[in-house]
Structures are given as C-alpha cells and as structure tokens.
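Spelled out, the chains give:
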Amino acid sequence: MRHLRFLLASLLLLPLVALAATSPFEGRWKLDRERSTALDGWHEWTLEVRVNGSQVALQHDMKWGKTELSATNTVDTAKAVALPDFFRVEQRHMAIYPAKGKSTPVRAAWLDAGRTLRVEADVPLEISQGETVMRLYSEYRLVEGDRELLLIELHSSRPRPLVYRFTKITAEK
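S.K.: So what exactly am I meant to see when it comes to the side chain of Thr116 here?
M.R.: Looking at where Thr116 falls in the secondary structure, it is placed in strand 8 (residues 116–127). Separated by 2.7 Å, the side chains of Thr116 and Asp112 make a polar contact. Dropping the residues within four chain positions of it, Thr116 is found in contact with Phe25, Ala109, Trp110, Leu111, Glu139, Tyr140 and Arg141.

Okay, structure coming up:
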C-alpha cells in the first residue's frame with residue numbers, strides 16, 4: 001500500500017518537476033529594434049535559447065535583405081569552453097574577424113537565481129596590425145514577467161555598452 005501511495009504521489013508531482021526544469025529563457029526572442037542599440041549590418045535578429053543541463057545554446061538568426069545567417073554559441077555554466085566559431089553580432093559591420101585557427105575561451109554562469117546568464121569571452125581577432133584579443137562581457141537578463149529579455153554587452157574595444165531588448169515569440173505571434 002505504501003508503494004502505491006508513493007507511485008501515485010510521484011505521478012502527480014512529475015508534471016510539476018518537468019515544468020520546473022524548463023527555463024524561462026528557453027524559446028525564441030525577437031529583437032525590438034526601436035528600443036535597442038542600432039543593429040548595424042543587420043535588419044532582423046531572432047535569438048533562440050535552449051537549455052540542456054549546464055549547457056546553454058544561444059542561436060543567433062540574422063537577416064539583412066536576402067542575406068541570412070544562423071550561428072550558435074553553446075556555453076557551459078559548469079566549466080569553461082573553447083568555441084572555434086564564436087559569433088559576435090557586430091562582426092559583419094565592424095569587419096573585424098576571428099583569428100584563423102584560434103578558439104575563443106568562454107565562461108558562463110547563472111546569476112540572480114537563474115534570471116541572468118553571464119557570458120564572458122576573450123575573442124582572438126585579426127586586425128590590420130596583426131592579432132589582438134577583445135574581452136566581451138554579456139548579460140542576458142529576464143525582465144517584464146519573463147516576456148522580455150535584455151542583453152547588455154560590454155566590449156573592451158568600445159567605451160559604451162550595447163543594449164538589445166528582445167520580446168518572447170509566442171505561438172500566437
């Protein structure tokens with residue numbers, strides 16, 4: 001009888017556990033261009049976030065006219081990773097490209113009880129004078145009842161932060 005009660009209680013709690021395991025970050029987010037830093041080099045930006053354990057995949061779907069690009073940075077909140085093709089949104093506009101054959105060391109962590117994802121990267125770049133490393137600090141913050149995502153980027157090469165606001169894409173949209 002005890003086993004039956006435990007089984008019934010487990011079956012009742014299983015949907016709650018599954019729901020709690022889903023991060024409010026997960027899903028597709030559309031850039032609100034009017035409320036964001038100018039998106040030079042692109043007209044549209046959709047960000048898809050997928051969470052699988054300690055790994056967080058940040059898929060950037062970009063458009064400029066007929067040009068489309070999709071790039072994914074998969075970070076790990078449990079350990080540092082080296083990404084061979086680290087995507088930066090300003091790369092196309094700035095014409096500063098990753099150093100050939102070099103990977104980008106990336107560290108990530110959840111902050112604010114899982115409401116902020118911090119990503120730090122040391123991006124090796126090719127510039128006209130040779131190679132350099134750009135430090136990139138990003139915070140992905142949930143705001144407005146989990147319907148909006150705020151991305152703040154600090155670059156060692158820029159005096160001001162880049163601020164991007166996204167709205168969650170729902171099935172109705």
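S.K.: Quick question: what am I supposed to make of the environment of Thr116 here?
M.R.: The exposure class assigned to Thr116 is buried, which follows from its relative accessible area of 3%. It is 6.4 Å that separates the C-alpha atoms of Thr116 and Glu139, two residues lying 23 residues apart in sequence.

S.K.: Any chance you could explain the nonpolar core here in plain terms?
M.R.: Buried together is how nonpolar side chains tend to be arranged in soluble globular proteins. Core analysis: the largest hydrophobic core is formed by 34 residues, its most contacted members being Trp45, Leu47, Tyr140, Tyr164 and Phe166. With five residues, strand 8 is the largest single contributor of residues to this core. With near-sequence residues (within four places) excluded, Tyr164 lies in contact with Leu31, Ser36, Thr37, Ala38, Leu39, Trp45, Val89, Leu149, Leu150, Leu151 and Glu153.

S.K.: It is not clear to me how the pattern of salt bridges should be interpreted in this structure. Could you clarify?
M.R.: Here the idea is simple: oppositely charged side chains can pair when their charged atoms come close. Scanning the model with the defined rule gives twelve salt bridges in all. Residues Glu48 and Arg28 are paired through a salt bridge, measuring 3.0 Å at the closest nitrogen-oxygen approach. Taken together, the residues Glu48 in strand 2 (residues 44–52) and Arg28 in strand 1 (residues 27–31) connect sequence positions 20 residues apart. We classify Arg28 as partly exposed; its relative accessible area is 32%. Within this structure, Arg28, Glu48, Arg50 and Asp61 form a network of salt bridges that share partners.

S.K.: Would you take a moment to explain the packing of aromatic side chains for this structure?
M.R.: Each aromatic ring pair is characterised by the separation of its centres together with the angle its planes make. Across all of its chains, the model carries three aromatic pairs by this definition. Measuring from centroid to centroid gives 5.1 Å for Phe25 and Trp110, while their planes differ by 55°, and the two rings are tilted. One end of the pair, Phe25, is in the loop between helix 1 (2–21) and strand 1; the other, Trp110, is in strand 7 (residues 104–111), and 85 residues separate them in sequence. Aromatic pair Trp45 and Phe166: ring centres 5.0 Å apart, planes at 85°, arrangement edge-to-face. Here Trp45 is found in strand 2, whereas its partner Phe166 is found in strand 11 (residues 162–168), with 121 residues between them in sequence.

What counts and how
Residues numbered from 1 in each chain as written. Predicted model: local features only at pLDDT ≥ 70, side-chain atom pairs only at ≥ 80, totals over all residues. Heavy atoms only, no water. Helix = DSSP H or I, 4+ residues; strand = E, 2+ residues; numbered from the N terminus. Polar contact = N/O pair within 3.5 Å; in protein donor to acceptor, adjacent residues only side chain to side chain. Contact = heavy atoms within 4.5 Å. Buried < 20%, exposed > 50% of the residue type's maximum accessible area, 1.4 Å probe, protein only. Core = buried A, V, L, I, M, F, W, Y, C linked by side-chain atoms within 4.5 Å. Salt bridge = Lys/Arg side-chain N within 4 Å of Asp/Glu carboxyl O. Phe/Tyr/Trp six-rings, centres within 6.5 Å; stacked < 30°, edge-to-face > 60°.

Bear in mind that shape data such as this cannot, by itself, settle questions of function.
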